[in-house]
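# Inside the fold
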Amino acid sequence: NAGVTQTPKFQVLKTGQSMTLQCAQDMNHEYMSWYRQDPGMGLRLIHYSVGAGITDQGEVPNGYNVSRSTTEDFPLRLLSAAPSQTSVYFCASSLEPLYFYNEQFFGPGTRLTVL
Amino acid sequence: KQEVTQIPAALSVPEGENLVLNCSFTDSAIYNLQWFRQDPGKGLTSLLLIQSSQREQTSGRLNASLDKSSGRSTLYIAASQPGDSATYLCAVNTGNQFYFGTGTSLTVIP
């Protein structure tokens, strides 16, 4: 199993550009999520999904869109990038929704810089 | 809103020492708590998961405890090694969301 994979590893954008961060898992996990990690702030949840076709907002959803058309993939879209979105983005997955006491498994991260 | 705090922010110990990392949270209505390790520039690796009904979990040299009523968890690392140097994060699950602490950066000196 490859586990949770993320692409790209690094990305530089200009303000106003759009892009999609890719996340895929091959463990047949129902729950997937996106976090951003900023210095001194810890990881904060952006969006999550409890299964294909079902998504919901986390703590910091503004400026980001998600969709879940398959169990394996959970892309994160930035529609109009802003410097405040400069961060490291992590995708995570678990077998079932978190309240079923599941471990989360994390991808290696995408380091995004918005100029 | 759940607030998670980890103290100290940084810790440096000589090799072989036993150590304790602390995690506190403000809302005791949690499903579970998970400890992670993060190496520089890398993702998070799960170390231990404690369910809300459990008091502790052990894996090798690691032991994590949970006192839900007081909003505290500790991660005990026995006989520390230089390879244990990393940032350790705790996260509490309140349903479908994890709330993370800002981590403790551990350096084990050979």
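Each residue is numbered by its place in its chain's sequence as written, counting from 1. Both sets of labels track the order of writing: A upward for chains, 1 upward for ligands. Residue-level local features of this predicted model are given only where pLDDT is at least 70; pairs of side-chain atoms are given and counted only at 80 or more, and the full residue set underlies all totals for whole chains, interfaces and linings. To get the side-chain values, take all heavy atoms of the structure and skip hydrogens and water.

### Overview of the nonpolar core
To be explicit about the condition: Take the buried Ala, Val, Leu, Ile, Met, Phe, Trp, Tyr and Cys residues and link them wherever side-chain atoms come within 4.5 Å; each set so joined is a nonpolar core. Only protein chains enter the accessibility calculation, which uses a 1.4 Å probe; a residue is then buried when its area is under 20% of its type maximum, exposed when over 50%, and partly exposed in between. A run of DSSP states H or I qualifies as a helix once it reaches four residues; a run of E qualifies as a strand once it reaches two. Both are numbered from the N-terminal end. Any two residues having at least one pair of non-hydrogen atoms within 4.5 Å are treated as being in contact.
Within the largest apolar cluster, 23 residues are counted, with the highest numbers of intra-cluster contacts made by L33, W35 and L75 of chain B. Contributions of two or more residues to this core are made by β3 (19-25), β4 (32-38), β5 (44-51), β7 (62-67), β8 (72-77), β9 (86-93) and β11 (104-109) of chain B. Excluding anything up to four places from it in sequence, L33 of chain B contacts C23, F25, L48, L49, I50, L66, S73, C90, A91 and V92 of chain B. Of all hydrophobic cores here, the second largest spans 18 residues; its members include L21, I46, L76 and Y89 of chain A.

### A closer look at the state of the cysteines
What we call a disulfide is simply a covalent bond connecting the sulfur atoms of a pair of cysteines. Inclusion rule: Note on terminology: pairs of cysteine sulfur atoms within 2.5 Å are recorded as disulfides.
The final tally for this structure, using the stated rule, is 2 disulfides over all chains. Paired by a disulfide, C23 of chain A and C91 of chain A hold their sulfur atoms 1.8 Å apart. Where C23 of chain A bonds to C91 of chain A through sulfur, the torsion about that S-S bond is close to -70°, and the disulfide is left-handed. One end of the pair, C23 of chain A, is in strand β3 (residues 19-25); the other, C91 of chain A, is in strand β9 (residues 87-94), with 68 residues separating them in the sequence. Like C23 of chain A, the residue C91 of chain A is buried in the burial classification. Between the sulfur atoms of C23 of chain B and its disulfide mate C90 of chain B the distance is 2.0 Å. Classification of the bridge connecting C23 of chain B and C90 of chain B rests on its S-S torsion, roughly 80°, and on that basis the disulfide is right-handed. In this pair, C23 of chain B is assigned in strand β3 and C90 of chain B in strand β9, connecting sequence segments 67 residues apart. Here the two residues C23 of chain B and C90 of chain B agree in accessibility, since each one is buried.

### What to know about the interface of chain B and chain A
For the record, the criterion: Two parts placed together each lose some accessible area; with a 1.4 Å probe, that loss summed over both constitutes the buried area. Criterion for a salt bridge: a side-chain nitrogen of Lys or Arg within 4 Å of a carboxyl oxygen of Asp or Glu. Pairing of N or O atoms within 3.5 Å defines a polar contact, subject to two protein rules: one partner must be a possible hydrogen donor and the other a possible acceptor, and residues neighboring in sequence count only if both atoms are side-chain atoms. Ten residues, namely Ala, Val, Leu, Ile, Met, Phe, Trp, Tyr, Cys and Pro, are considered nonpolar, four, namely Asp, Glu, Lys and Arg, are considered charged, and the remaining ones, Gly among them, are considered polar.
With 24 residues of chain B at the interface, the matching set in chain A holds 25 residues. With both chains or domains summed, chain B and chain A bury close to 1900 Å², and 56% of this area falls on carbon and sulfur atoms. When the buried surface of chain B facing chain A is broken down by residue, N96, F98 and F100 of chain B rank first, second and third, together holding 30% of it. For the pair chain B and chain A, the interface holds 1 salt bridge. The partner of K1 of chain B in a salt bridge is E59 of chain A, with the nearest N and O atoms 2.7 Å apart. The interface formed by chain B and chain A holds 4 residue pairs in polar contact (both at pLDDT 80 or more) in total. For the side of chain B that touches chain A, the secondary-structure elements that each account for two or more residues are β4, β5, β9 and β10 (98-100) of chain B. Within the side of chain B that touches chain A, the residues separate by chemical class into 8 nonpolar, 14 polar and 2 charged.

### Structural notes on the sheet that holds strand β1 (residues 4-7) of chain A
Residues and elements named next belong to chain A. The cut-off we apply is this: Being paired, for any two strands, means DSSP has found at least two bridges between them. All axes are obtained by fitting lines to C-alpha atoms, using only the stretch in contact for helices, and the reported angles, taken between N-to-C directions, cover 0 to 180 degrees.
If you walk across this open sheet you meet the 4 strands as β1-β3-β8-β7, and the pairing is antiparallel. Single-partner strands in this sheet number two, and they are β1 and β7 (64-66). The sheet shows a mean angle of 20° between the axes of neighbouring strands, taken without regard to direction. Pairing analysis gives 3 bridges linking β7 to strand β8 (residues 76-78), with the strands arranged antiparallel. Bridge pairing in β8 links V66 to L76.

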